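Here is how the chains run, residue by residue.
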Amino acid sequence: MTPTTRSHAKGSRKFLAICSADLHPKILKSFLSHANQQVAIAANIDLSDLITDDSDDKALSSVKVIERKLPEWFQTITKFMDTIAHRSDVNSKALIILDANTAQDKSTCFIAVDNRADEYSPSPYRGFRCEFASLVPALEALAYASAIDLRNQAALCPGAWRKEILEAKKQQPSGIKRSDYPVHKAWSTELVPSNNETSKPYFPVFRTADVSLEVINGFLKTNYDQEWGPSGIPDPRVSFIISLSPPYCQAPAEHPLNSVPETPKALMHASPEDCDAIARCCFPAPDGGIPELNYQRFIVMDELTEEEKTVIVATNNENGGQLLMARCDFTGALAALVAPGETGLSMDHQIHDAADNGNGVIRISPD
């Protein structure tokens, strides 16, 4: 069957969007209005009918929903990726998924990139959530940035990639010069040494913005008031970074704190990449023993922490040492960081799942 594109634009290769949930035509119209004729919605599973005209109400009302059921879902996505790779009218750089979260928030989608060649990938694709309003710049960014890069950038937002927030971040000066923090020879991707007699290594918390004592204590209470495992084994603890030279912290932070922990002036507006450089350089134990602070997994309290009640959780020992990060609610922060060592559930998998099956924010039940 000859593909039909319902559009007024000609001669351009469109990114393809598919629906894995039943979406109201108004949502699809809004999506296409932000796509600036650069995206086509697949009206059916064989891709014979592509819709780019946001005024075609009849077509938008009959878009085929692709059932999201494993393992058939992965097989379907793989087939789509193979098909669009050979379509001259479709841009195969990414596949856009309009899903159940799109139906709920009416303003975000999931941008998926073929990742079958990556041995570390938890699925055939990697990707990130994106606001409709930032769809075009996000797709353009794929020309020079990887899916992980853009997923990390989405962590700086409330969960979905948003251009104006990222532009504002670029304007904030950081007092950290990363070249001053070379990677310590004891840093490695092997799991940080620990034992069952203490809570060490503590998970470092970098506070890079003003956060009230009430919110900080709320974060500590939410994380500490959980069932962490067998009695007799110390629960995980966090420690706030108060200095960029030893001692780096006064560990551990116990609830409730009486005052906001000091933060080095240079850390204000520092990026997670800056914090990562500090962690790799300063926190490994010189003798390779149990360090006071975890140099692989850490938390960042930033400008969104006060209002959104979320933090950034990050790891640097997965995927060959890449920095991976996501926005996370207070309840899930410590649980997300503990999971790789306790359950084998990687941070990469958790971050991917939060974007692919959620709203981009890691949320873990305390149960």
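Scope of this entry: the structure provided in the associated data block. Only a predicted model underlies this, so the values are computations on that prediction, with no experimental measurement involved.

Bringing the environment of threonine 102 into the picture now. Structurally, threonine 102 is set in helix 4 (residues 100-105). For the pair threonine 102 and isoleucine 84, spaced 18 residues apart in the sequence, the C-alpha separation amounts to 23 Å. Once residues lying within four places of it in the same chain are set aside, the contact partners of threonine 102 are Leu23, Ile27, Ile97, Ser107, Thr108, Cys109, Arg129 and Phe132.

This paragraph deals with the pattern of salt bridges. What the rule picks out here adds up to 19 salt bridges. Notably, a salt bridge pairs arginine 363 with aspartate 329, separated by 3.8 Å at the nearest N-O pair. On the criterion of sequence distance, the pair formed by arginine 363 in the segment after strand 13 (361-362) and aspartate 329 in strand 12 (residues 322-329) is long-range, its members being 34 residues apart. Sharing partners across several salt bridges, the network here consists of Asp118, Arg126, Arg151 and Asp348.

To continue, consider unusual backbone geometry. That bond from proline 246 to proline 247 is cis: its omega, -5 degrees, falls within 30 degrees of zero. Position of proline 247 relative to the elements: it lies in the loop between strand 9 (238-240) and helix 9 (272-282). Going from histidine 255 to proline 256, the amide bond is cis rather than trans, its omega being -5 degrees. On the secondary structure map, proline 256 appears in the loop between strand 9 and helix 9. Although it is not a glycine, glutamine 37 sits at a positive phi angle of roughly 65 degrees. Mapping glutamine 37 onto the fold places it in the loop between helix 1 (25-35) and strand 3 (39-42). By relative accessible area, which is 30% here, glutamine 37 ends up partly exposed.

Applying the stated rule across the entire model yields one cavity of 30 Å³ or more. The space that makes up the largest cavity amounts to roughly 60 Å³. Elements supplying a minimum of two residues to the lining of the largest cavity: strand 7 (125-131), helix 6 (147-155), strand 12 and helix 12 (347-356). Considering every element that reaches the lining of the largest cavity, the biggest residue donor is helix 6, with three residues. Here the residues of the lining of the largest cavity sort into seven nonpolar, two polar and two charged.

Rules and cut-offs
- Residues numbered from 1 in each chain as written.
- Predicted model: local features only at pLDDT ≥ 70, side-chain atom pairs only at ≥ 80, totals over all residues.
- Heavy atoms only, no water.
- Helix = DSSP H or I, 4+ residues; strand = E, 2+ residues; numbered from the N terminus.
- Contact = heavy atoms within 4.5 Å.
- Salt bridge = Lys/Arg side-chain N within 4 Å of Asp/Glu carboxyl O.
- Buried < 20%, exposed > 50% of the residue type's maximum accessible area, 1.4 Å probe, protein only.
- 1 Å grid on protein atoms, 1.4 Å probe; cavity = no way out; pocket = protein on both sides within 12 Å on 5 of 7 lines; lining within 4 Å.
- Points joined across faces, edges and corners; volume = space filled by probe spheres on them.
- Nonpolar A, V, L, I, M, F, W, Y, C, P; charged D, E, K, R; others polar.

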